[in-house]
Structure formats: structure tokens, C-alpha cells
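Notes for the structure review
Next come the chains, spelled out residue by residue.
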Amino acid sequence: MGHMASGKAPDDARTRHPYGRDPDAIERPVYSATIRPHCSLSRLGFRVVMIFCGGVALVTGIAFLQMGMWPVTGFFGLDIAALWLALTLNARRGRSFEEVVISQIEVLVARVSHRGERAEWRFNPLWTRLHKVEDDEYGLMSLAFVSRGQRVLVARDASPTERQVVADGLTRALAEVKKGY
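Note that the coordinates shown come from a computational prediction; the quantities given were computed from them, not determined experimentally.

1. Some remarks on the overall build of the protein chain
If you tally the helices and strands in the protein chain, you get 3 helices and 7 strands. Helices (α) and strands (β) of the protein chain occur, in sequence order from the N terminus, as β-α-α-β-β-β-β-β-β-α. Intrachain contacts of the protein chain at a sequence separation of at least 6 include 53% that bridge at least 24 residues. Total accessible area on the protein chain is roughly 12200 Å²; 58% of this is exposed by carbon and sulfur atoms.

So this is what it looks like as C-alpha cells:
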């Protein structure tokens with residue numbers, strides 16, 4: 001989940017620049033978050049589920065085999081193979097993530113797929129706004145940055161509750177960056 005970037009207080013003598021505002025502060029993140037899809041099954045959980053389901057399929061398959069219904073046993077094997085494939089693909093997809101960084105001069109959205117492919121979008125924070133689609137029953141359904149006709153979804157794999165937390169942080173960060181302009 002995301003977190004707000006923290007820095008030294010501006011009154012601290014070590015961070016104060018001799019000519020006023022620190023010129024390096026313009027590139028420091030006001031907000032930085034890494035958003036990952038929710039993975040409810042750990043490696044141990046994966047093993048437990050596969051052993052349990054495999055055991056149930058084995059015992060039931062043997063019972064059907066003893067009753068002379070041998071084709072059913074093969075279908076139990078196919079079910080276990082399909083379950084293994086689905087859980088493996090889901091675990092791989094869980095390695096993808098999004099990075100969102102807002103500084104005084106840039107809004108950066110980077111999306112990294114489970115294969116390591118990276119896509120980036122960069123916006124001027126002064127021309128960027130958040131577009132939210134909310135549902136009374138389910139909460140925040142989608143969140144996107146919109147700037148100069150371009151729209152990029154953010155936190156698309158997060159739950160509506162997690163998406164709302166990200167939206168609150170992004171709203172505060174954009175307001176802070178735009179303050180004074």
C-alpha cells in the first residue's frame with residue numbers, strides 16, 4: 001500500500017538552503033506509493049490447498065474406481081490440474097505492481113507487469129486532476145489521473161476501500177503541489 005514521503009522540517013538548520021527554499025526539494029516526492037494486487041494465498045497456503053484438494057480427489061477417485069466408474073477418476077485429475085494452473089497464474093499476476101510518485105514538478109505513474117514490462121506516464125501536476133467513479137453500494141470503483149486529454153487508471157487492482165485510501169493521499173498531494181499557484 002502507499003505511504004506519504006516524509007522529510008525534515010523546513011525549519012531544520014541542516015535542510016535550510018542559504019538562499020531560501022532548497023532547490024533540491026522540487027524533485028523530492030510529496031507522495032509516493034507502490035500498489036500491489038491483493039494476494040490472499042501464500043506459498044504455504046498454496047501447498048495446503050493443493051494437498052487438501054488432491055487428497056480429496058484421490059480418495060473420491062479411488063472410491064469411484066472401486067465402483068467401476070473409472071472415467072470419473074480421470075476427471076478428478078483434470079480438476080486438480082486446472083486448479084493448480086489457475087492458482088499458479090494468479091500467483092504470477094500478483095508480482096505486478098504500480099508506482100505513483102508526485103513531486104512539485106511531475107506526476108509519475110509506472111505500471112510493471114508480472115513479466116517485468118514497464119509502462120510509464122508523466123504529467124505536469126498543475127494540469128492533472130483525479131477522476132473518480134463512485135458507487136453508493138460498493139465505494140470507489142475507479143480512479144484515474146486526467147491531464148490534457150490523457151487518462152490513466154490508478155490502483156486498478158486494489159479493492160474499493162484500498163482505492164479510497166490511495167485517492168485520499170493523491171488528493172492531498174495534488175492540493176499541496178498546487179498550493180501557491
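2. Some words on helix α1 (residues 43-66)
In an α-helix, one full turn covers 3.6 residues, which means residues spaced three or four apart are oriented alike. Here α1 contains 24 residues, and its C-alpha end-to-end distance of 34 Å stays within 8% of the 34 Å for a straight helix at 1.5 Å per residue. When we look at burial in α1, the residues that qualify are G45, M50, A57 and G61. In this structure, the buried side of α1 is in contact with α2 (70-93). Of the residues trailing α1, G68 is marked for its positive phi of about 90°.

3. Looking at a positive patch on the surface
A cluster of like positive charges, contributed by R43, R47, R92 and R95, occupies part of the molecular surface. If you trace the backbone, R47 turns up in helix α1.

4. Focus on the nonpolar core
In this structure, Y31, I35, I102, F145, V154, V166 and L170 are the most contacted members of the largest nonpolar core, which totals 23 residues. The greatest single-element share of this core, amounting to 6 residues, is contributed by helix α3 (residues 160-178). Apart from the residues within four sequence positions on either side, I102 is in contact with P29, V30, Y31, V107, F145, L170, A173, L174 and V177.

5. Re the pattern of salt bridges
According to the stated counting rule, one finds 7 salt bridges in the structure shown. One salt bridge in this structure joins R122 and E106, with 2.8 Å as the shortest N-O distance. Of this pair, R122 sits in strand β4 (residues 118-123) while E106 sits in the loop between β2 (97-103) and β3 (107-112); the two residues are 16 residues apart in sequence, bridging distant segments of the chain. Using a relative accessible area of 25% as the deciding quantity, one classes E106 as partly exposed. A salt bridge links R115 to E117; its shortest N-O distance comes to 3.5 Å. Within the structure, one salt-bridge network assembled from shared partners comprises E99, E106, R118, E120 and R122.

6. Observations concerning the side chain of S147
Secondary-structure assignment places S147 in strand β6 (residues 139-147). Residues in contact with S147, not counting those within four places in the same chain, are F123, N124, W127 and T128.

7. Some remarks on a negative patch on the surface
On the surface, a cluster of negative charge is made up of E134, D135, D136 and E137. By relative accessible area, D135 is classed as partly exposed at 32%.

8. Considerations on the sheet that holds β6
Pairing within the open sheet is antiparallel, and its 3 strands lie in the order β5-β6-β7. The open sheet has two edge strands with one neighbour each: β5 (129-135) and β7 (150-153). For this sheet the average axis-to-axis angle between neighbouring strands, irrespective of direction, equals 30°. In the packing of α3 onto the sheet, the strands contacted are β5 and β6, and the crossing angle to β6 comes to about 35°.

Definitions and limits used
Residues numbered from 1 in each chain as written. Predicted model: local features only at pLDDT ≥ 70, side-chain atom pairs only at ≥ 80, totals over all residues. Heavy atoms only, no water. Helix = DSSP H or I, 4+ residues; strand = E, 2+ residues; numbered from the N terminus. Contact = heavy atoms within 4.5 Å. Areas by Shrake-Rupley, 256 points an atom, 1.4 Å probe, with all protein chains shown as cover. Expected span 1.5 Å × (residues − 1). Buried < 20%, exposed > 50% of the residue type's maximum accessible area, 1.4 Å probe, protein only. Patch = residues over 30% accessible without salt bridge, like charges linked within 9 Å, V, L, I, M, F, W, Y side chains within 5 Å. Salt bridge = Lys/Arg side-chain N within 4 Å of Asp/Glu carboxyl O. Lys, Arg positive; Asp, Glu negative; His and termini not counted. Charge placed at Lys NZ, Arg CZ, Asp CG, Glu CD. Core = buried A, V, L, I, M, F, W, Y, C linked by side-chain atoms within 4.5 Å. Pairing = 2+ DSSP bridges. Axes fitted to C-alpha atoms, helices over the stretch in contact; angles between N-to-C directions.

In short, shape yes, function no, at least from these values alone.
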